[in-house]
Amino acid sequence: MTDVADRTEHTGTMTEPNASETTTPDGVRGRRIARWIAVAVLGAVSVVAILFSIDYGLGTGIRPGPGLWPCIAAIIMLGATVVVAITDTLEDYEAWGTESVRTLIALASLLAFAALFTLLGFTVPALLLMLLWLRMFGRLSWLKAALLAAAGAIALFMLFDVVLGVPMPRDLLMTPLTSWM
Amino acid sequence: MLDGLLVGFGVALDPINLLYVFVGVVVGTAIGVLPGLGPTATIALLLPLTYALDPATAIIMLAGIYYGSMYGGTITSVLLRMPGEAASVVTTFDGYQMAKQGRAGPALGIAAIGSFIGGIVSVIGLAIFAPMLADWALAFGPVAMVALMVLGLMLVTSLGTGSTWKAMAMAALGLLLATVGQDQISGMPRFTFGSASMLDGFDFVAIAMGLFGVGEILHNLEQGGHLHAVAKKVTKIMPTRQDAKDSAMPIVRGSILGFFIGVLPGGGGVLSSLASYALEKRSAKDPSRFGKGAIEGVAGPETANNASSTSAFVPLLVLGIPSNVVLALIFGALLIQGITPGPSLIPQHPDIFWGVVASMVIGNAMLLILNMPMVGVFVQMLRVPMGILVTFAMAIVLIGTFSIANDPFDIWVVLGFGILGWLMKRTGFDPGPLVLAFVLGPILEASVRQSLLISGGDPTIFVSDPIAITIYAALALGVAFVAVRRLRKGRPSIFEQARRIPPPTGLLTIGRAKRAEGTTDASADAGEDADTGAMHPGTAEAGEPGRHGDEATEEERARDARRR
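1. Details of the overall build of chain A
For chain A, the helix and strand inventory stands at eight helices and zero strands. Sequence-ordered secondary structure for chain A, helices as α and strands as β, is α-α-α-α-α-α-α-α. Counting every position in chain A, which comprises 181 residues, the buried fraction comes to 36%. Expressed as a percentage of contacts within chain A between residues at least 6 apart in sequence, the contacts between residues at least 24 apart total 54%.

2. Some thoughts on the overall build of chain B
Regarding its fold elements, chain B presents 26 helices and two strands. Burial analysis of chain B (564 residues in total) assigns 65% to the buried set. Look at the contacts in chain B between residues 6 or more apart in sequence, and 81% of them connect residues 24 or more apart.

3. Quick word on the environment of Lys166 of chain B
By the secondary structure assignment, Lys166 of chain B is in helix α8 (residues 164-178). Classification of Lys166 of chain B as buried rests on a count of 26 C-beta atoms within 10 Å. Note: C-alpha distance between Lys166 of chain B and Val397 of chain B (231 residues apart in sequence) is 27 Å. Once residues lying within four places of it in the same chain are set aside, the contact partners of Lys166 of chain B are Val84 and Asp88 of chain A together with Gly428, Phe429 and Asp430 of chain B.

4. Considering helix α6 (residues 123-136) of chain A
Here α6 of chain A contains 14 residues, and its C-alpha end-to-end distance of 20 Å stays within 8% of the 20 Å for a straight helix at 1.5 Å per residue. For α6 of chain A, every residue scored as buried is listed here: Thr123, Pro125, Ala126, Leu127, Leu129, Met130, Leu131, Trp133 and Leu134 of chain A.

5. Details of the nonpolar core
Residue and element names in this part refer to chain B. Ile59, Ala208, Met209 and Ile330 are the most contacted members of the largest nonpolar core, which totals 225 residues. Here this core gets 17 residues from one element, more than from any other, and that element is helix α6 (residues 104-137). In contact with Met209, other than residues within four places in its own chain, are Ala44, Leu45, Leu47, Val214, Val397, Gly400, Thr401 and Val414.

6. A look at helix α4 (residues 55-80) of chain B
All names here are of chain B. Taking 1.5 Å as the rise per residue, α4 with 26 residues should run 38 Å; its terminal C-alpha atoms sit 38 Å apart, in good agreement. Where α4 bends most, the angle comes to about 30°, and this point is Ser69. A large share of α4 lies buried, amounting to 25 of its 26 residues. Arg81 sits one or two positions beyond α4 and adopts a positive phi of about 55°.

7. Digging into the environment of Ala147 of chain B
Residue and element names in this part refer to chain B. Mapped onto the elements, Ala147 comes out in helix α7 (residues 142-159). For Ala147, a count of 23 C-beta atoms within 10 Å corresponds to the buried category. Note: C-alpha distance between Ala147 and Leu126 (21 residues apart in sequence) is 23 Å. For Ala147, the contacting residues outside a window of four places in its chain are Ile467, Ala468, Ile471 and Tyr472.

8. Some points on the packing of helix α10 (residues 241-263) of chain B against helix α11 (residues 270-283) of chain B
Helix-helix packing: each pair is described by the crossing angle between the helix axes and the interaxial distance. Residues and elements named next belong to chain B. Running from N to C, α10 and α11 cross one another at 140°; their axes reach a closest spacing of 9 Å. Relative to α11, α10 is oriented oblique. When the axes of α10 and α11 are compared, the crossing they make is right-handed. Seen from α10, the contacting residues are Pro250, Arg253, Gly254, Leu257, Gly258, Ile261 and Gly262; seen from α11, they are Leu271, Ser272, Ala275, Ser276, Leu279 and Glu280. For the contact of α10 with α11, a count of residues per class yields six nonpolar, five polar and two charged.

9. As for the confidence of the model for chain B
Per-chain confidence: chain B averages 78 in pLDDT, with 82% of residues scoring 70 or above. Segment residues 502-564 of chain B is flagged for pLDDT under 50; beyond a separation of four residues in sequence, or across chains, it makes 116 contacts in the model.

10. Examining the packing of helix α5 (residues 99-120) of chain A against α6 of chain A
Residues and elements named next belong to chain A. At their nearest, the axes of α5 and α6 sit 8 Å apart, and the two run at 165° to each other. As far as their axial angle goes, α6 and α5 are roughly antiparallel. Note that α5 runs across α6; the crossing there is right-handed. Contacts from Arg102, Ala106, Ser109, Phe113, Leu116, Phe117 and Leu120 in α5 reach Val124, Pro125, Leu129, Leu132, Trp133 and Met136 in α6.

11. Overview of the confidence of the model for chain A
Residues and elements named next belong to chain A. Scored by pLDDT, chain A comes out at a mean of 78, with 82% of its residues at no less than 70. The weakest mean pLDDT in chain A belongs to helix α1 (residues 2-13) at 34; the strongest belongs to α6 at 91. For residues 1-25, every residue scores under 50 in pLDDT, and the model assigns this stretch 44 contacts once sequence neighbours within four places are set aside.

12. As for unusual backbone geometry
Unusually for a residue other than glycine, Arg139 of chain A sits at a positive phi of about 55°. Within the element layout of this structure, Arg139 of chain A appears in the loop between α6 and α7 (142-163).

Conventions and cut-offs
Residues numbered from 1 in each chain as written. Chains lettered and ligands numbered in written order. Predicted model: local features only at pLDDT ≥ 70, side-chain atom pairs only at ≥ 80, totals over all residues. Helix = DSSP H or I, 4+ residues; strand = E, 2+ residues; numbered from the N terminus. Buried ≥ 20, exposed ≤ 12 C-beta atoms within 10 Å, placed from the backbone. Contact = placed C-beta atoms within 7 Å. Expected span 1.5 Å × (residues − 1). Core = buried A, V, L, I, M, F, W, Y, C linked by C-beta atoms within 7 Å. Bend = angle between axes of the 7 residues up to and from the residue. Axes fitted to C-alpha atoms, helices over the stretch in contact; angles between N-to-C directions. Parallel < 35°, antiparallel > 145°, perpendicular 65-115°, else oblique. Left-handed = near helix turned anticlockwise from the far one by under 90°. Nonpolar A, V, L, I, M, F, W, Y, C, P; charged D, E, K, R; others polar. pLDDT = per-residue confidence, 0-100.

What follows is the structure, encoded as structure tokens:
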């Protein structure tokens, strides 16, 4: 364990492109881009936050203003980001590959759920989401996935709506059913 | 104390609380077994469910999940060399070797017994020290609180996994996110960009569920997550007389070491099991057996990680400082209930403190039963395909999020933080310090501004208090020590090693371990760590003198913590 850590420590002190190429031959370019984007986003957020804080008012010596604390936090963040930009190795960054496409599909389905939730209630969007996920990630047959998704969506609705008493929004499937009961 | 314990058992033996401590430890063991959902993600997912519970019941259940996961994490470490949560990584070194030699039963048995003893010792320590410390901490003013919180944040950023600077950037981002919404003092809206939904600031539960729940799930999807079929039968759980004799001292040492390391901010979990492993190896007559299936290498660390997960409640319940991310979530759960943990918690809410303490005794006894005769049941759980588990976890997140405030806006917030958490995982930024800083942020800001108002804007007030000076001096010493070590380029310390262990994402660990097995990749990860630990015991031995130094610092820090 010790020698592994030694090696990684070592890469930090070497010139960075060589170091990353010797340790991780795959996806160096992608990793480097990921790191620069991360640093740029963090840097931008902290600079914007500093500007806003100054606008909110740092206050005088006697009365610290509402902007003082966020300004201190943003300055620490900017400082740490600068150090990360200079010293960080590429080891932590994952290259983007084809497997990310699955995650992007998953994300799209989640956003679709959020949009449909207010319109159709919980069960129908949840059923569709679970069906997709169980088929895609659980590799179940369509029939098994559909049965499990329907059971899961209805069980969760019952748990939160009936048992825990959460006022769920009007549900396309369950509201007519439960009101009839 | 006896009065307190009586109150506590009165609370803990209430049928509802008995039920929830049982639910907590079963869920904890289960998620400890299942790689992919660590205690952090699970507690984040279950936070909305705690709204409906009494504060004591909520904390009893969440604590049960935390220490239950310490037991459960052992099972897969031993059987499959897959740590179910980060603290069990060390167990893979010797536990998996024992399993290969057909001694999986005794390895699991001794781990359960050790965890039980460690847990009980730590509960006793908690019951004795916490009220004493709380009495003393009641006198802390805002200046001392600022110093304590700075210490907590610094330790968590420097002891966490990954790069310290990245952790610091995340902690600062957490402080910044905590300022979103109306300013407590002037009432001015900050960073709301004109949105009324943002006036109350971000909801802690939404952030925790997004970063840990959704972020983790999305990241797991990429790792594939095909588990090995588990068909191993575990037999002969009871350790032999010789096993018991070999493990007795490691368990005693592990209990004490674990308790004191757990009290340190950032100390629970991984650090304690690593420290215990190093200690056992150093005190063994024949250190070369380590990494080849030495039962001491399972007994010590397993005892220590459970002891530390219990004693980690000391700083939370006494000072109001969560010492790691799991406790930050429990802190959040208390805040939701309208209770701010701090020195006044024990006098004001004795039922919560003593109830939790007593429930830990009961919970650990339940876990001993769950993990000895019933270990096979949990092993079978590994047959549930990851895709199904992840799908259900996601559905729970979505409906749970809505139930936070019955506001669909929170679903968008959770998904937004989920995307952020996923991207952070991909770029090696640890969400832990962010969440911790987000929790501490409002209290820290209020204390800083209060102090400045008291002093009339004079910043020297922050070093005017003897407690604060002691804390800052200890911090400065620690920073100087690390800097000197770095300059001398010594062997990586135990803190460094702890940092190399990936965060408790089971599947991430598996993914990395697989990659490490397939290639000769030099990135430091669990798989490699286990390999080097198991196959080159010589290299680890060479690190002995370095470790000696580190042990001393830990004891120093533990002593510091006690003095405080």
